[in-house]
Amino acid sequence: MATPNSSLELTPRGKVVLWLAALTGGAAWLGGEEDARIAAALLTAPVIVDFVAKQRRLHLTAVHLAPRTTMAGALYTEQILIEHRGRRPLRHCRLHEPRSMRNELPALLPTLTPFQPQRVELRQRSMVRSHIIERVFVLESEWPLGMFASRSIVSAAATLITEPARVTLRADLLEAGADVETAPVDRSLRSGPEFYALREHNMDEDARAVHALRSATLGALVRRTTRGRTPTSVGVVLDLRRAPGTPRGRGLRRCEWSLGACATLVEELLRRGARVRLLLIDSTPELIDVDGPARRAELMMLLAEANLSPHVVVPAETVAELDGMTQSYWIAAGGFADAPELQMLPGEATVVEEAPA
């Protein structure tokens, strides 16, 4: 049974009690036993009391929360403000969001006094990469006796952006082409590889890299390890096209990994001080210069919304926009590994692929 904004249904406990009441009632009617009639009445009474006293105004509750950006699979704590706008308090209510609390228990709320907002913390984990503009919660209560459950859907206009989960990239991907250009001025005035760390020296290695002072201090030979400079201008191509003849629904796992790889690669390049220009190839190719936090946020939102698209031909002049890049990466999210545009990229593009298990 339901009202326009809420529903009422028997709980497992209520079903058991109601079945027992029906059985004892049938026994009392067939056998005429006084004890059976008393048992049937005792079993029926809590069901009737719970039905009459049940809270049915759960839908007169508002939920307020701020926009949130998270990563797929990352655990976070959501702060929400909940306010009941009915005439009577709501007791022993539970709140959960089906989308982000699949593996979490509903949160037990304090008594919701009318028109008194209360702050509640929810442990959540958004597992699906997405961009939604409305959060949907389920508010339920079994008070007072738990024979019936009253439920209502409560929605809130709030944005939730779930970015792709970050992945582990092979070390050689980030170092590819790193020596082709000197480091930015604010990092160093010298070209070539930069100091990275110290490690133990093996006797079959070139002794010129041994750090003399540190070796004398430790009493053991240690050597410098270096890594290349990140080029200041890097092009990244994210190809969301399916290979010609590939049916819909294929390659979804590869797509999710590739989107995570793109997010990881761009963030690492920005952290190292590089300027990133990304070419997003789908039904309408788009160029994005990731030159600040705002453009990075825009890119991550696009990755949260991205889907595989049918094959289209990319104009040569669009690919030519990457000609000034000192290094380029190609990510075939749709599995189109033999794309002709790959050959148009400047220099030798590095193909980003998942390492074999």
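Worth saying up front: this structure is predicted, and the values here are computed from it rather than measured. (Residues numbered from 1 in each chain as written. Predicted model: local features only at pLDDT ≥ 70, side-chain atom pairs only at ≥ 80, totals over all residues. Heavy atoms only, no water.)

Asker: Honestly, the sheet that holds strand β18 (residues 327–332) in this entry has me stumped. Any pointers?
Answerer: Across a sheet, paired strands are connected by hydrogen bonds in the backbone, their directions being either parallel or antiparallel. Taken in spatial order, the five strands make up an open sheet running β17-β16-β15-β18-β19, and their pairing is mixed. With partners counted over all chains shown, the strands left at the sheet margins are β17 (286–290) and β19 (350–351), one partner each. As defined by bridge partners, strand β16 (residues 275–281) adjoins β17 across five bridges and the pair is classed as antiparallel. Looking at the pairing, L280 lines up with E286 of β17. Contacts from helix α5 (residues 252–271) reach β15 (233–239), β16, β17 and β18 within the one sheet, and its direction differs from that of β18 by about 160°. Helix α6 (residues 293–305) contacts β15, β16 and β17 of the sheet and is inclined by roughly 140° relative to β17. (Pairing = 2+ DSSP bridges. Helix = DSSP H or I, 4+ residues; strand = E, 2+ residues; numbered from the N terminus. Contact = heavy atoms within 4.5 Å. Axes fitted to C-alpha atoms, helices over the stretch in contact; angles between N-to-C directions.)

Asker: Help me understand the packing of aromatic side chains, please; the structure alone is not making it clear to me.
Answerer: The geometry of two aromatic rings is summed up by the distance between their centres and the angle between their planes. Inspection of the entire model under this criterion finds one aromatic pair. Residue placement shows R56 over the ring face of F51; its charged tip is 4.7 Å from the ring centre. The cationic tip of R91 hangs over the ring face of W143; the distance from NZ or CZ to the ring centre is 5.5 Å. (Phe/Tyr/Trp six-rings, centres within 6.5 Å; stacked < 30°, edge-to-face > 60°. Lys NZ or Arg CZ within 6 Å of the ring centre and 35° of its normal.)

Asker: Sorry, what's going on with the pairing of β16 here?
Answerer: For a regular strand, side chains alternate in direction, first toward one face of the sheet and then toward the other. By the criterion of burial, β16 is predominantly enclosed, with five of the seven residues buried. Here β16 folds back onto β17 in antiparallel fashion, the turn holding four residues. (Buried < 20%, exposed > 50% of the residue type's maximum accessible area, 1.4 Å probe, protein only.)

Asker: Just checking my understanding: could you explain the confidence of the model for the protein for this structure?
Answerer: Keep in mind that low pLDDT regions are not for reading the predicted coordinates in detail. Here the protein averages 84 in pLDDT, and 87% of its residues register 70 or above. Per-element averaging of pLDDT across the protein places strand β1 (residues 2–3) at the bottom with 42 and strand β12 (residues 160–163) at the top with 96. Low confidence marks residues 179–192, where pLDDT is under 50. Its contacts with residues over four positions away, or in another chain, come to 25 contacts. (pLDDT = per-residue confidence, 0-100.)

Asker: Would you mind going over the pattern of salt bridges with me for this structure?
Answerer: It is possible for side chains bearing opposite charge to pair when their charged atoms get close. Using the criterion set out here, one finds 23 salt bridges in the structure. For E140, the salt bridge is made with R94, and the minimal N-O distance between the two is 3.4 Å. Of this pair, E140 sits in strand β10 (residues 135–141) while R94 sits in strand β6 (residues 93–96); the two residues are 46 residues apart in sequence, bridging distant segments of the chain. Classification of R94 by relative accessible area gives partly exposed; the value is 24%. (Salt bridge = Lys/Arg side-chain N within 4 Å of Asp/Glu carboxyl O.)

Asker: In this structure, what is going on with the packing of α5 against α6? I would like to understand it.
Answerer: Pairs of packed helices are described in terms of their axes, by the angle between the two and the distance that separates them. Between α5 and α6, whose axes approach to 10 Å, the crossing angle comes to 170°. Judged on the interaxial angle alone, α6 and α5 are roughly antiparallel. Residue-level inspection shows L259, C262, A263, V266, E267 and L270 of α5 in contact with α6, the latter providing R296, L299, M300 and L303. Grouping the amino acids of the contact of α5 with α6 by side-chain chemistry returns eight nonpolar, no polar and two charged. (Parallel < 35°, antiparallel > 145°, perpendicular 65-115°, else oblique. Nonpolar A, V, L, I, M, F, W, Y, C, P; charged D, E, K, R; others polar.)

Asker: What's the story with α5 in this structure? I'm lost.
Answerer: An α-helical turn contains 3.6 residues, so any two residues separated by three or four positions project in the same direction. If you check α5, its first and last C-alpha atoms are 29 Å apart, about what 20 residues at 1.5 Å a residue would give, namely 28 Å. In the segment just after α5, G273 is the residue with positive phi, at about 90°. (Expected span 1.5 Å × (residues − 1).)

Asker: Any chance you could explain the sheet that holds strand β5 (residues 75–84) here in plain terms?
Answerer: Ordered by their spatial adjacency, three strands build an open sheet running β3-β5-β8, and the pairing between neighbours is antiparallel. Of all strands in the sheet, those with a lone pairing partner are β3 (61–64) and β8 (118–125), marking the two edges. The mean inter-strand angle of the sheet, taken between neighbouring strand axes irrespective of direction, is 35°. Judged from the four bridges that link them, β3 and β5 form a sheet pairing that is antiparallel. Looking at the pairing, V63 lines up with I82 of β5.

Asker: Explain α6 here, please?
Answerer: Taking 1.5 Å of rise per residue, 13 residues should cover 18 Å, and α6 covers 19 Å from first to last C-alpha, within 8% of that figure. Within the sequence span of α6, burial applies to L299, M300, L303 and A304. The buried residues of α6 occupy an angular sector of 145° when projected down its axis, which confines them to one face. Residues of α6 that are buried make contact with β9 (130–132), β12, β15, α5, β16 and β17. (Arc of directions from axis to C-beta.)

Asker: I tried to follow unusual backbone geometry on my own but got confused; where do I start?
Answerer: For residues other than glycine, phi is negative in most cases, and the peptide bonds are mostly trans. In this chain, W143 is followed by P144 through a cis amide linkage whose omega measures 10°. Relative to the helices and strands, P144 resides in the loop between β10 and β11 (148–156). Despite not being glycine, H92 has its phi angle at roughly 50°, a positive value. Even without being glycine, F115 reaches a positive phi, approximately 60°. Inspection of the secondary structure assignment puts F115 in the loop between β7 (107–108) and β8.

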